[in-house]
Amino acid sequence: MATATALPQLARAQDASRGWKIHDLDRPRPRVVTPGSSAGAPPSDAIVLFDGRSLGEWRADDGSAAKWLVKDGVMQTVPHAGSVTSARAFGDMQLHIEWATPTPPVGSGQDRGNSGVIIMGKYEVQVLDSHGNTTYADGQAGAIYGQHPPLVNASRPAGEWQVYDIVFRRPRFSASGALVSPARMTVLHNGVLVQDAAELWGGTGWLHFEPYAKHADELPITLQDHDHPVRYRNIWVRPLPNLPSDERGPRVARSNVSIPVRVLDSYVGTYASGSAPVAKVTRRGNRLFVNPFGHKVAFELVPQSATRFELLETAGTVEFASPAGQPITAHVILAGLDRTGGKQP
């Protein structure tokens, strides 16, 4: 078998940013997480910050024991007790938290059931009674305070339990402190998408925002005391791994194999096992293509030897054989299927 300069399709494959091929059975499987037994219940890998019984996971502003009230499975702000902050620090996370504002409603605008979920002590998702209550759009429930109004107002009436599911990606900084990528938040309010990977401009605040400044990769969560008797329950966090920088995996070793056209032509044809289609092989120039198992799409084949080919971008192989006195066979392994068919007359 002659060896020649790499075929154009090989160069394309080697330059591709994807290393894991489609349906690669060697690709690492995700770890198993057992969902909660009911909607909103913590999954098996969650860190429970409040289960209705104890404030042990929370601290007062000065680091002392949290002074909020715990009663009937909920935690509630206490006048002049200040905010509470999680004893643990978090970076990228999935946060589930349920809250309820006072009923009957008291006050209007920002003076009605006001609190906040402040991630890393810097990035606030507003808590407010926004059912039939008018205020500035970037300060209502579901807003990233002072920056992004919610896409819709999904608020339930005062006194009813509201649910936030927040996916937070922290900002990234270089070693010198320069911003590499901003923080992003996705928020579901009562199961309704209200923030869609919203990009934060910096730290949130009243009347202004704080420009980004390098900070720790993990910082605590704060629940704001705004002198309103807001209640919280069922708070849990799933720390998230860093997003992969790309999807590259181990590359398949590729040899610079050149196959004469007359040999390629000998492989062209339809292969079947009984009435079951196995492969249809065609040639375009010096390249072979396969339609496996009756599939309508033709996949490019990359030669690994005179008889063995790999699909260019999908994990699979086609190997041809010439049993003595019998038609050529094609052995196709693809997406968990393993079939051999003989070339049809």
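The structure under discussion appears in the preceding block.
Our subject in this report is the structure included herewith. Since the model is a prediction, treat every value here as computed from it, not as a measurement.

Criteria and thresholds
Residues numbered from 1 in each chain as written. Predicted model: local features only at pLDDT ≥ 70, side-chain atom pairs only at ≥ 80, totals over all residues. Heavy atoms only, no water. Helix = DSSP H or I, 4+ residues; strand = E, 2+ residues; numbered from the N terminus. Rg over C-alpha atoms; globule rule 2.2 N^0.38 Å. Buried < 20%, exposed > 50% of the residue type's maximum accessible area, 1.4 Å probe, protein only. Contact = heavy atoms within 4.5 Å. Pairing = 2+ DSSP bridges. Axes fitted to C-alpha atoms, helices over the stretch in contact; angles between N-to-C directions. Salt bridge = Lys/Arg side-chain N within 4 Å of Asp/Glu carboxyl O. Phe/Tyr/Trp six-rings, centres within 6.5 Å; stacked < 30°, edge-to-face > 60°. Lys NZ or Arg CZ within 6 Å of the ring centre and 35° of its normal. Polar contact = N/O pair within 3.5 Å; in protein donor to acceptor, adjacent residues only side chain to side chain.

Now for the overall build of the protein. Tallying secondary structure elements over the protein gives two helices and 23 strands in all. Relative to the globule expectation of 20 Å for 345 residues, the C-alpha radius of gyration of the protein, 30 Å, shows a markedly less compact shape. Counting only C-alpha atoms, the protein reaches 90 × 50 × 35 Å along its principal axes. The 345 residues of the protein split such that 46% are buried. Sequence-distant contacts in the protein: of pairs separated by 6 or more residues, those separated by 24 or more amount to 60%.

Once that is clear, we can look at the sheet that holds strand S23 (residues 337-343). Taken together, eight strands build a closed barrel; the order of strands is S16-S17-S18-S19-S20-S21-S22-S23 and the barrel is antiparallel. Put simply, the sheet's adjacent strands are angled 30° from each other on average, direction ignored. Pairing geometry for strand S20 (residues 308-311) and strand S21 (residues 316-321), over three bridges, is antiparallel. Its bridge partner being in S21, Glu 310 is matched across the sheet by Thr 317.

What follows deals with the sheet that holds strand S5 (residues 84-86). An order of S2-S5-S14-S7-S8 is seen for the five strands of this open sheet, with the pairing classed as antiparallel. Sheet topology places strand S2 (58-60) and strand S8 (123-127) at the edges, where each strand pairs with a single neighbour.

This brings us to the pattern of salt bridges. Counted according to the given criterion, the structure contains 14 salt bridges. Two residues, Arg 88 and Glu 57, come together in a salt bridge whose shortest N-O distance is 2.9 Å. Highlighted residues: Arg 88 in the loop between S5 and strand S6 (93-100) and Glu 57 in the loop between strand S1 (47-50) and S2, separated in sequence by 31 residues. Under the relative-accessibility criterion, Arg 88 is labelled partly exposed at 38%. Owing to a relative accessible area of 18%, Glu 57 belongs among the buried residues under this scheme. A salt bridge links Glu 300 to Arg 287, with the nearest nitrogen and oxygen atoms 3.3 Å apart. With Glu 300 in strand S19 (residues 299-303) and Arg 287 in strand S18 (residues 287-292), this pair connects stretches of sequence that are 13 residues apart.

The next point concerns the environment of Lys 214. Here Lys 214 shows up in the loop between strand S13 (192-199) and strand S14 (222-223). Owing to a relative accessible area of 48%, Lys 214 belongs among the partly exposed residues under this scheme. Between the C-alpha atom of Lys 214 and that of Gly 63, which follows or precedes it by 151 residues, the distance is 23 Å. Apart from the residues lying within four places of it in its own chain, the contact partners of Lys 214 are Phe 173, Ser 174, Ala 175 and Gly 177.

Considering all chains together, one arrives at eleven aromatic pairs under this definition. With a centroid separation of 4.1 Å and 5° between ring planes, the pair formed by Tyr 267 and Phe 320 is classed as stacked. Taken together, the residues span a long stretch of sequence, with Tyr 267 in helix H2 (residues 261-267) and Phe 320 in strand S21 at a distance of 53 residues. When sorted by exposure, Tyr 267 lands in the same class as Phe 320, which is buried. Ring pairs connect the aromatic residues Tyr 123, Phe 168, Phe 173 and Tyr 212, which therefore count as one cluster. Note that Arg 284 overlies the ring of Phe 289, its terminal NZ or CZ placed 3.9 Å from the centroid. One residue, Arg 339, lies across the ring of Phe 293, its end atom 5.0 Å from the ring centre.

Once that is clear, we can look at the side chain of His 96. Tracing the backbone through its elements, the reader meets His 96 in strand S6. In this structure the side chain of His 96 is engaged in a polar contact, spanning 3.3 Å, whose partner is the side chain of Asn 234. What His 96 contacts, discounting residues up to four positions off in sequence, is Gly 40, Val 163, Tyr 164, Asp 165, Asn 234, Ile 235 and Trp 236.

This part takes up the pairing of strand S17 (residues 276-284). Bridge analysis of strand S16 (residues 269-273) against S17 gives five bridges, and the strand direction is antiparallel. From the neighbouring strand, Gly 269 faces S17, where its bridge partner is Val 281. Counting the residues between successive antiparallel strands, the hairpin from S16 to S17 contains two residues, one of them, Gly 274, with a positive phi of roughly 65°. With six bridges connecting them, S17 and S18 associate as antiparallel partners. When the sheet's bridge partners are listed, Arg 283 is paired in S18 with Leu 288.

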